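Reading the structure
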Amino acid sequence: MLGPAVRSLQRLRRATLWAGVALSLGTLAALIGPAWVGRQEAIEEARTRGALLAQVLEADASRTIETASLSLHALGDGLARGVDASGHRDEEEHLGEHFNHVLVGLPFIRGVALLDARGRVLTSTDAEDVGLEIPLDDFGRLPGPDRDLLLPLRPGRGLADLARGRQPRGATAVSMLPMLLQLPAPPDAPALAASSATGPVPGDRERDPRWLLALINPDALAQVQQRALPAGRSAAWLASTDGQLLAAMETLHQLPGQRLDGHPAFDALRRGREHGTYLGTGALPGELVVAFRASSRRPLIVGVEQSLDEVLAAWNSGLRWLLLIGTVALALIAAATATVRRSLQARAETMEALEGAHEQLADRERDMRVLLKSVQEVIFRTNPAGTLTFVNARWTTLHRGRPDEAVGRRLADLAEPADREAVAALFDADDGVRGVEATIRNGEGAPRRYQIAVVPLRRDGALLGYAGSAVDITERSAAERLTRQARDAAEEASRIKTEFLANISHELRTPLQSILGFSELGIARSGEQERLRAMFADIHGSGQRMLTLVNDLLDAAKLESNVGALDLRPVDLREPVGAVLRELAPLTAKRQLALIADLPDALPGRADPLRLQQAVRNVLANAIKFAPQGGTIELRGRRDADGGLHLSVADRGPGIPAQELERIFDPFIQSSATKDGSGGTGLGLPISRRIVELHGGRLYATNREGGGAEFHLVLPPCDASDLSLTDSPGVQDEVGRPARE
């Protein structure tokens, strides 16, 4: 359970997290708020600037159109006043001069012409245009008397491009904006001459209307837009209220004369809104800040479109710095929060560990008190002189007294006089744990044997005293004494058995040799008496088996008693193996067995040649005994990866049950698969394993696939000096063929 201080620190740690989150959110708000306000201010500033530019451009366009209108009206008034009292007109003399003055004073006008009722050019600023016929019907609705009308934008540069049957000259991107004024007819004008020598003159038909036509250059309006709006991805345009583009900056993809159908500004105009700004789409691609304004006197509308990306370019540049500052601030807040939380967590863990340590210490002290009460040993503490200062409750059980009665007594005084000096010597040195056995009488006066051990207690190098224990070993000492006596008796019995086996084997071998000798003599002298020969042969065979048993018993006794230790020396294992092969060749030939030896050129090692030859003989004889008649026995030798020598003997006999692969190496034990009267004492394999184990190796058996058993004799690696044995010829098999490698 956590303490109050730890819980308080954990609450403070959670509060620190929430404070860090709140501070981060506040920082984000402090950054996002001004950034959002700055963005809105940038957009609002662009809208204000666009509205102002739209107002300026609309005023300039209206002023330009109105100036052209006033000029046409002035020319018309001049023509009306130029009629004298006799009915003659002088415009023919001065009209061209007035038109030229208009061109000089108004550079945005390309040309001015006087037209008759049929549209024929009577007078023009360009003399080549006189006589051209302008199809007035193509203009659609015409203005009334003393009225002017701004006509739709037409492609071309001059009157020749408007003439009937003429195609516009030059590129189609060039356009003009016609303005048509119908001159008023004089109310009391006398009849004029029908014609003159030079041809018809203006006013031939006094009641037919005449027209003044001015051609306004829309490029002049576009130049004003270009000067008013800085270069970039923004654009300004002038259009008629029916959607025809009249003039625009080069940044606009549409050409003059094309229509701006679907533009939101025209939708707003149709809803009665003559000016305004909005954020959305326009003639330019992308999101735009658009301002528009319609002329109050002419069917014109001006639009100013600014790319939102361009408007927010400066804001975006500042935003990057703001984001950097915000990122650094948030990183600092996060680092500070994490540092404080780690510090609080470390303090909480430290306090929790400290509280846990205190609890563990209290538990250990309580457990120690219980342990000291329940432990079956005497636990004590002394001062540097060996005087007892504390004993546990075990003292009461052993001495029938209270523990405090032992305090103040020297431990050496409690021991028997013979052991007091040894006990006192425990407290003469302080060089580690010291122990001694001593006899101390219990409360009933019976002597008890104790194993006493003490260890010095130090603080800052000064000896404070000793802590120790006294273990009652009375019963253990008695048991050890009895164990030693039993072991000595067993060793003596084993020695007597070994000597008996050795003696009895020696005593049996003497008469057996006589029996074998007389049986061989009887066989030799039996002559043609087959029955007598068979009897002596049976006697000889039984004697041989008895002699083998006696020899095996003698070998087992010697190996158990370590009589006749191994004579280890450098040897090439092919030599004892070859001797065994030659020795057993008659036996293999008798059973028509093929013995295949596969040994390398050299198998150097350290071994007792005679004992090793005995082990190999037993294993090989065992294989010959159980191999099928006419079968094959394989003997192979190799050096393992660790340098050990490995001999294997394999046959195709009945094999060994898996559960008996180890039992067959026990004395007098035979495999259940071979208990068929084949003979044997059951000592050959145990003797062979014992010999191999004395060499430091191992002997084990496995079953072969397809039937049969395989015995493995493995000897440990030898020293480098043993590898210097001179190579000898390879071992030959029983028919004189070299052993396969």
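Scroll up for the structure.
Notes on the structure in this doc start here. Note that the structure is predicted; figures quoted are calculated from it, not measured.

**As for the overall build of the protein**
Secondary structure assignment for the protein yields 15 helices and 23 strands. Counting every position in the protein, which comprises 741 residues, the buried fraction comes to 40%. At a minimum sequence separation of 6, the contacts of the protein that also span at least 24 residues come to 61%. Summed over its atoms, the accessible surface of the protein is roughly 40,600 Å², and 55% of this surface lies on carbon and sulfur atoms.

**Quick look at the sheet that holds strand β11 (residues 300-307)**
Strand order in this open sheet of 5 strands is β8-β7-β11-β10-β9, and the pairing throughout is antiparallel. At either margin of the open sheet sits one strand with a lone partner, and together these are β8 (245-248) and β9 (275-280). Within this sheet the neighbouring strands show an average axis-to-axis angle of 20°, counted without direction. The sheet strands contacting helix α3 (residues 218-228) are β7 (235-240) and β8, and the helix crosses β8 at an angle near 45°.

**Looking at the nonpolar core**
Formed by 41 residues in total, the largest nonpolar core has its most connected members in Val112, Leu114, Leu212, Ile216 and Leu238. If one sorts the elements of this core by residue count, helix α1 (residues 4-81) sits on top with 9 residues. Beyond its immediate stretch of four places on either side in the chain, Leu212 contacts Leu72, Leu75, Gly76, Leu79, Phe99, Ala113, Leu114, Met179, Leu180, Leu181 and Leu183. If you look at the next biggest cluster of nonpolar residues, it comprises 40 residues, including Ala623, Ile633, Leu647 and Leu699.

**As for helix α15 (residues 684-694)**
All of the buried residues in α15 are Leu685, Pro686, Ile687, Ser688, Arg689, Ile691 and Val692. Phi turns positive one or two residues past the end of α15, at Gly696, with a value near 90°.

**Examining the sheet that holds strand β15 (residues 447-459)**
If you trace the 5 strands from one edge of the open sheet to the other, you get β13-β12-β16-β15-β14, paired in antiparallel fashion. Bordering the open sheet on either side are β13 (388-391) and β14 (434-441), each of which pairs with just one other strand. Shown here is a sheet whose adjacent strand axes are inclined to one another by a mean of 30°, direction ignored. As judged from the 3 bridges shared by strand β12 (residues 378-382) and β13, these two strands associate in the antiparallel manner. Paired with Thr382 across the strands is Leu388, a residue of β13. Along the sheet, helix α10 (residues 417-425) makes contact with β14 and β15, crossing β14 at roughly 145°.

**Let's talk about the environment of Leu411**
Here Leu411 shows up in helix α9 (residues 411-414). For Leu411, a relative accessible area of 6% gives the class buried.

**With respect to a nonpolar patch on the surface**
A cluster of nonpolar side chains, Leu17, Trp18, Val21, Leu25, Leu28, Ile32 and Trp36, forms an exposed patch at the surface whose accessible area comes to about 730 Å². Following the sequence through the fold, Leu28 ends up in helix α1. Note on Leu28: relative accessible area 32%, which makes it partly exposed.

**Digging into the packing of helix α14 (residues 609-626) against α15**
Running from N to C, α14 and α15 point in directions that differ by 145°, and their axes come no closer than 9 Å. Relative to α15, α14 is oriented so that their crossing is left-handed. Each of Arg611, Leu612, Gln614, Ala615, Asn618, Val619 and Asn622 in α14 lies in contact with α15, whose residues at this interface are Gly684, Leu685, Ile687, Ser688, Ile691 and Val692.

Each value, and the rule that gives it
- Residues numbered from 1 in each chain as written.
- Predicted model: local features only at pLDDT ≥ 70, side-chain atom pairs only at ≥ 80, totals over all residues.
- Heavy atoms only, no water.
- Helix = DSSP H or I, 4+ residues; strand = E, 2+ residues; numbered from the N terminus.
- Buried < 20%, exposed > 50% of the residue type's maximum accessible area, 1.4 Å probe, protein only.
- Contact = heavy atoms within 4.5 Å.
- Areas by Shrake-Rupley, 256 points an atom, 1.4 Å probe, with all protein chains shown as cover.
- Pairing = 2+ DSSP bridges.
- Axes fitted to C-alpha atoms, helices over the stretch in contact; angles between N-to-C directions.
- Core = buried A, V, L, I, M, F, W, Y, C linked by side-chain atoms within 4.5 Å.
- Patch = residues over 30% accessible without salt bridge, like charges linked within 9 Å, V, L, I, M, F, W, Y side chains within 5 Å.
- Salt bridge = Lys/Arg side-chain N within 4 Å of Asp/Glu carboxyl O.
- Left-handed = near helix turned anticlockwise from the far one by under 90°.

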